[in-house]
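So you can see what is in the structure, the chains are spelled out below.
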Amino acid sequence: MTGAPLRVLVAGCGHMGTSHARAYHEMPDFAIAGLVSRTPDSRGRLNAVLGGGFPEFADYFDALKATRPDAVCISTYTETHAPYAIAALEAGAHVFLEKPAADTAGAAVRVIDAARRAGRALVVGYILHVHPTWQRFIALARTLGTPLVMRMNLNQQSEGTHWATHRNLLAATSPIVDCGVHYVDVMCQMTGARPVRVNGIAARLAADIAPDRVNYGHLQVVFDDGSIGWYEAGWGPMMSETAFFVKDVVGPRGAVSITAPSGGSADHESHTRTDALRVHHAALGEDGRFARADEILALDDEPGHDALCLREQQRFLDAIHGRLDLEAHWRSALDSLRIVLAADQSAQEGRTIEL
């Protein structure tokens, strides 16, 4: 660390905001300037977790004006991402913004343009970018030849406060947008190819959400090298615990899979935790049988959720100090958002969307 710590305003005191705040609290390069949440209980709980004494705010714009932070961490609902980020950037702050970058592609472009104008770091929270197993998964997928068939999902059975949080999220976004940006981004990294068209289907499985909202969705994306991928996501008390976690890639030379973690779909740790990588080799010997047995790769570096958030904030610090290619990062964030939004549009309109 050199100089005074960067004063960071934490907006959003839920699951992700809490993990990011803990990271800032551990890092000598940051000092928390304030906590923002519309709910007094949530910001009070987080304040207590951090040891207390941090200023609390109900209104984000009041907090931004009062604290004049060097950086802002935004872990609020999706519809607030663009206005909150643009306000912070225009105030001269660096921004860590939870995914997705915005609720529309146009809004995401405006956020990125604001970062360019301000000359400030903008990092979107793609947690799998700092996950060593997922990066190894991507690297192994690239050895399988082309085309690739990529199969992924993350269904979440939820009740109580978790279902209340999901219902709040559904007011602005669908599961295939909110969660899908992670996994579509992974598909883009695996293929290195250009996505050309998207199909989406969706269903409303809950009576206690708005009539025009859906809590289950499935997308299919086709790339210009012939690779194809699907992603499935559903939220709610009706979701099945069977096969809620599928992360599997097949190519001409074989397959690589992340084996399903222990813990149920409601366990947030299980969303990023991986038990092992299984590598299958397609080559056959002269006897027509597999020439090599499947490999189960041990995972020595398997960080938990809070440890991953700490790595994300270290990456944010790198961006602030000019050690991260932000233009490439912004392209990646925008491309994956455009794909999942196209899937949402496809589901609503019942047609294929050409990209």
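Rules used throughout
- Residues numbered from 1 in each chain as written.
- Predicted model: local features only at pLDDT ≥ 70, side-chain atom pairs only at ≥ 80, totals over all residues.
- Heavy atoms only, no water.
- Helix = DSSP H or I, 4+ residues; strand = E, 2+ residues; numbered from the N terminus.
- Rg over C-alpha atoms; globule rule 2.2 N^0.38 Å.
- Buried < 20%, exposed > 50% of the residue type's maximum accessible area, 1.4 Å probe, protein only.
- Contact = heavy atoms within 4.5 Å.
- Areas by Shrake-Rupley, 256 points an atom, 1.4 Å probe, with all protein chains shown as cover.
- Phe/Tyr/Trp six-rings, centres within 6.5 Å; stacked < 30°, edge-to-face > 60°.
- Lys NZ or Arg CZ within 6 Å of the ring centre and 35° of its normal.
- Expected span 1.5 Å × (residues − 1).
- Pairing = 2+ DSSP bridges.
- Right-handed = clockwise from strand over helix to strand, strands pointing away.
- Patch = residues over 30% accessible without salt bridge, like charges linked within 9 Å, V, L, I, M, F, W, Y side chains within 5 Å.
- Salt bridge = Lys/Arg side-chain N within 4 Å of Asp/Glu carboxyl O.
- Axes fitted to C-alpha atoms, helices over the stretch in contact; angles between N-to-C directions.
- Parallel < 35°, antiparallel > 145°, perpendicular 65-115°, else oblique.
- Nonpolar A, V, L, I, M, F, W, Y, C, P; charged D, E, K, R; others polar.
- Left-handed = near helix turned anticlockwise from the far one by under 90°.

Student: Which residues make up the overall build of the chain, and what are the values?
Tutor: Helix and strand counts for the chain come out as twelve helices and 16 strands. Radius of gyration (C-alpha) of the chain: 21 Å, near the 20 Å computed for a compact globule of 355 residues. Dimensions of the chain, computed from C-alpha atoms along their principal axes, come out at roughly 75 × 50 × 40 Å. Sorting the 355 residues of the chain into buried and exposed places 53% on the buried side. Long-range contacts, defined as pairs at least 24 residues apart, comprise 69% of the intrachain contacts of the chain with a sequence gap of at least 6. Carbon and sulfur atoms form 51% of the exposed surface of the chain, whose accessible area is close to 15200 Å².

Student: Residues and numbers for the packing of aromatic side chains, please.
Tutor: A complete count under the given rule lists nine aromatic pairs for this structure. Ring centres of tyrosine 24 and phenylalanine 30 lie 4.8 Å apart, and the angle between their planes is 65 degrees; on these two criteria the pair is classed as edge-to-face. Exposure class is identical for tyrosine 24 and phenylalanine 30. Each is buried. An aromatic cluster is defined as three or more aromatic residues linked by ring pairs; in this entry it consists of Tyr24, Phe30, Phe96 and Phe316. The ring of tyrosine 183 has lysine 247 lying over it, and the distance from NZ or CZ to the ring centre is 4.8 Å. Positioned over the ring face of phenylalanine 245 is lysine 247, at 3.9 Å from the centre of the ring.

Student: Which residues make up helix α1 (residues 15–26), and what values do they have?
Tutor: Note that an α-helix has 3.6 residues per turn; residues three or four places apart therefore point the same way. Between its first and last C-alpha atoms α1 spans 17 Å; for twelve residues at 1.5 Å apiece the expected length is 16 Å, and the two agree. Of the residues making up α1, those classed as buried are Gly17, Thr18, Ser19, His20, Ala21, Ala23 and Tyr24.

Student: Give a detailed account of the pairing of strand β5 (residues 94–98), specifying residues and quantitative values.
Tutor: Most of β5 sits inside the fold, with five of its five residues counted as buried. What you see with β5 is no split at all: His94, Phe96 and Glu98 on one side and Val95 and Leu97 on the other are buried throughout. The sheet contact formed by strand β4 (residues 71–74) and β5 spans four bridges and is parallel. Bridge pairing in β5 links isoleucine 74 to leucine 97. Bridge count for β5 against strand β6 (residues 122–125) is four bridges, and the pairing is parallel. Each bridged residue has a counterpart across the sheet, and for valine 95 the counterpart in β6 is leucine 122. Since β5 and β6 lie parallel, the crossover through helix α5 (residues 105–118) that links them has a hand, and here it is right-handed.

Student: Let's hear about a nonpolar patch on the surface: which residues, and what values?
Tutor: A grouping of Val149, Ile228 and Val250 is seen on the molecular surface, where their side chains present a nonpolar patch of about 190 Å² in accessible area. Checked against the element boundaries, valine 250 lands in strand β12 (residues 245–251). Owing to a relative accessible area of 32%, valine 250 belongs among the partly exposed residues under this scheme.

Student: Residue-level account of the packing of α5 against helix α12 (residues 326–349), with values.
Tutor: For any two helices packed against each other, the geometry comes down to the angle between their axes and how far apart the axes lie. Remark: α5 packs on α12, axes separated minimally by 10 Å, with the N-to-C direction vectors making an angle of 170 degrees. By the angle between their axes, α5 is roughly antiparallel relative to α12. The segment α5 lies against α12, with Ala105, Ala108, Val109, Ile112, Ala115 and Arg116 engaging Glu327, Trp330, Leu334, Leu337, Arg338 and Leu341. Residue classes in the contact of α5 with α12 are distributed as nine nonpolar, no polar and three charged.

Student: Help me get a handle on the sheet that holds β5, residues and values and all.
Tutor: Pairing within the open sheet is parallel, and its six strands lie in the order β3-β2-β1-β4-β5-β6. Whereas interior strands pair on both sides, the edge strands pair on one side only; in this sheet they are β3 (56–57) and β6. Here strand β1 (residues 6–11) pairs with β4 via four bridges, running parallel. Each residue of the ladder has a partner; that of leucine 9, found in β4, is valine 72.

Student: So what's going on with the pairing of β4? Which residues, and what values?
Tutor: Here β4 shows a buried face lined by Ala71 and Cys73 and a second buried face lined by Val72 and Ile74. As a crossover connection, the stretch from β4 through helix α4 (residues 81–90) into β5 is right-handed.

Student: An account of the packing of helix α9 (residues 180–191) against α12 is requested, with residue identities and associated values reported.
Tutor: Between α9 and α12, the shortest axis-to-axis distance is 9 Å and the interhelical angle comes to 115 degrees. Between α9 and α12, the interaxial angle falls into the category roughly perpendicular. Two packed elements cross with a definite hand, and for α9 against α12 that hand is right-handed. Contact with α9, carried on its side by Gly180, Val181, Val184, Asp185 and Cys188, involves Ser332, Ser336, Leu337, Ile339 and Val340 of α12 and no other residues of that element. Tallied by class, the residues present in the contact of α9 with α12 amount to six nonpolar, three polar and one charged.

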